[in-house]
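Structural characterization, general
Take a look at the letters that make up each chain.
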Amino acid sequence: GAVVSQHPSWVICKSGTSVKIECRSLDFQATTMFWYRQFPKQSLMLMATSNEGSKATYEQGVEKDKFLINHASLTLSTLTVTSAHPEDSSFYICSAWGLAGPSYEQYFGPGTRLTVT
Amino acid sequence: DQQVKQNSPSLSVQEGRISILNCDYTNSMFDYFLWYKKYPAEGPTFLISISSIKDKNEDGRFTVFLNKSAKHLSLHIVPSQPGDSAVYFCAASVGNEKLTFGTGTRLTIIP
């Protein structure tokens, strides 16, 4: 079946540093990738939508200069949290939209736990 | 503005009985609805979906019902099994792309 991987699965960083999270579709090409954030006991909130080769579309309230998204190829998107602060600590999940079966589906990665100290 | 709501944060059901999880939405443009199962520190796993042209979709133990006039959908799991214990999210989209998630319901199956 379709697999989406994320790396790293967890990361701890110091306040003020930047962290890059990778999202890869392993056995299909993803025309669109989505980045979500989930705070404890809350829903998954869409942060941005990225299409290969073009600028990401950010949801209202998400700072594009803080959360840099690069969708360099049809199988890789990266999210860089710049100048991270403790309030950025969260569970970040990517999903890849593509044709890995009979129809287009959105496949989710396993998530990345970010802790900013 | 929470466009997709799951009003029950938790639900406990006896093993073997039916689990019914509910979801309400406000955006009448939504035309595709999905249910996901999620364990802590993992990504969501797709369970079942339904298009707005249908009112019921069944897959094994899972059935999703859609009531468009009430803007309400529900997920029925029967019979419930201990492995079904997880957090369940409903999600809605326009055209099966950008998803709007509900707040989740934690289902606990009691052996």
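For the structure itself, consult the block above.
Described in the following lines is the structure provided in the data block. Residue indices follow the written sequence of each chain, beginning from 1 at its first position. Written order determines the labels here, with chains lettered from A and ligands numbered from 1. The predicted origin of the model limits local features to residues at a pLDDT of at least 70 and limits the giving and counting of side-chain atom pairs to 80 or more, whereas totals for whole chains, interfaces and linings rest on all residues. The basis for the side-chain values is all heavy atoms of the structure; hydrogens and waters are excluded.

**Digging into the overall build of chain A**
Helix numbering and strand numbering both begin at the N terminus, where a helix is a DSSP run of H or I of at least 4 residues and a strand a DSSP run of E of at least 2. Secondary structure summary: chain A contains zero helices and eleven strands in total. Relative to the globule expectation of 13 Å for 117 residues, the C-alpha radius of gyration of chain A, 14 Å, shows essentially globular dimensions. For chain A, buried positions account for 50% of its 117 residues. Here, residues are in contact when the closest pair of their heavy atoms is within 4.5 Å. Pairs at least 24 apart in sequence give 54% of the contacts found in chain A among residues at least 6 apart. Accessible surface area values rest on a Shrake-Rupley calculation with a 1.4 Å probe, where residue burial reflects the displayed protein chains alone. For chain A, the accessible surface area stands at approximately 5,700 Å², while carbon and sulfur atoms represent 53% of it. Think of it this way: Lys and Arg go in the positive column, Asp and Glu in the negative one, and His and the chain ends go nowhere. A charge is said to be at NZ when it belongs to Lys, at CZ for Arg, at CG for Asp and at CD for Glu. Separation of charge centres in chain A, based on 9 positive and 9 negative side chains, amounts to 7 Å. Just to be clear, the radius of gyration here is over C-alpha atoms, and the globule rule we use is 2.2 Å times residues to the power 0.38. Whether a residue is buried, partly exposed or exposed follows from its accessible area with a 1.4 Å probe, protein chains only, as a fraction of its type maximum: under 20%, in between, or over 50%, in that order.

**So, the state of the cysteines**
The bond known as a disulfide is covalent and runs between the sulfur atoms of two cysteines. Cysteine sulfur atoms that pair up within 2.5 Å are treated as a disulfide. In total, this model carries two disulfides over all chains according to the counting rule given. Across the disulfide from Cys-23 of chain A sits Cys-94 of chain A; the S-S distance is 2.0 Å. Between Cys-23 of chain A and Cys-94 of chain A, the S-S dihedral sits near 80 degrees, and the bridge is therefore right-handed. In this pair, Cys-23 of chain A is assigned in strand 3 (residues 19–25) and Cys-94 of chain A in strand 9 (residues 90–99), connecting sequence segments 71 residues apart. On the basis of relative accessible area, Cys-23 of chain A is assigned to the buried category, the value being 0%. Bridging Cys-23 of chain B to Cys-90 of chain B, the disulfide has an S-S length of 1.9 Å. The sign of the 65 degrees torsion about the S-S bond sets the Cys-23 of chain B-Cys-90 of chain B disulfide as right-handed. Of this pair, Cys-23 of chain B sits in strand 3 (residues 19–25) while Cys-90 of chain B sits in strand 9 (residues 86–93), and the two are 67 residues apart along the sequence. For Cys-90 of chain B, a relative accessible area of 0% puts it in the buried group. In this structure Cys-13 of chain A is not part of a disulfide, and its nearest cysteine sulfur, from Cys-94 of chain A, lies 18 Å away. Using a relative accessible area of 8% as the deciding quantity, one classes Cys-13 of chain A as buried.

**Remarks on a nonpolar patch on the surface**
A grouping of Ile-18, Ile-20 and Val-78 of chain B is seen on the molecular surface, where their side chains present a nonpolar patch of about 230 Å² in accessible area. Along the chain, Val-78 of chain B falls in the loop between strand 8 (72–77) and strand 9. A patch consists of residues exposed above 30% relative accessible area that lack any salt bridge, with like charges linked at up to 9 Å and nonpolar side chains (Val, Leu, Ile, Met, Phe, Trp, Tyr) linked at up to 5 Å. When a carboxyl oxygen of Asp or Glu is within 4 Å of a side-chain nitrogen of Lys or Arg, the pair counts as a salt bridge.

**Quick notes on the nonpolar core**
Residue types Ala, Val, Leu, Ile, Met, Phe, Trp, Tyr and Cys, when buried and joined through side-chain atoms within 4.5 Å, form a set referred to as a nonpolar core. One finds Val-4, Trp-35, Phe-67, Leu-79, Tyr-92 and Leu-114 of chain A to be the most contacted residues of the largest nonpolar core, which totals 25 residues. Where this core is concerned, the elements lending two or more residues are strand 2 (10–13), strand 3, strand 4 (30–38), strand 5 (44–51), strand 7 (67–73), strand 8 (76–81), strand 9 and strand 11 (112–116) of chain A. Listed in part, the 23 residues of the second largest apolar core include Val-4, Phe-30, Leu-47 and Leu-66 of chain B.

**Here's the deal with the side chain of Ser-49 of chain B**
All names here are of chain B. Note that Ser-49 resides in strand 5 (residues 45–51). Whenever a nitrogen or oxygen atom comes within 3.5 Å of another N or O atom, the pair is scored as a polar contact, on the condition that within protein one atom can donate a hydrogen and the other can accept it, and that pairs from neighbouring residues in sequence are kept only if both atoms are in side chains. Within the structure, the side chain of Ser-49 is placed 2.9 Å from the side chain of Tyr-32, a separation counted as a polar contact. Beyond its immediate chain neighbours, meaning those up to four positions away, Ser-49 contacts Tyr-32, Phe-33, Leu-34, Asn-57 and Val-64.

**Section: the side chain of His-76 of chain B**
All names here are of chain B. The topology assignment puts His-76 in strand 8. Exposure remark for His-76: the relative accessible area of 18% places this residue in the buried category. Side chain to side chain, His-76 and Ser-74 meet in a polar contact 3.4 Å long. Residue contacts for His-76: discarding those within four places in its chain leaves Ile-18, Ser-19, Ile-20, Arg-61, Phe-62, Thr-63 and Phe-65.

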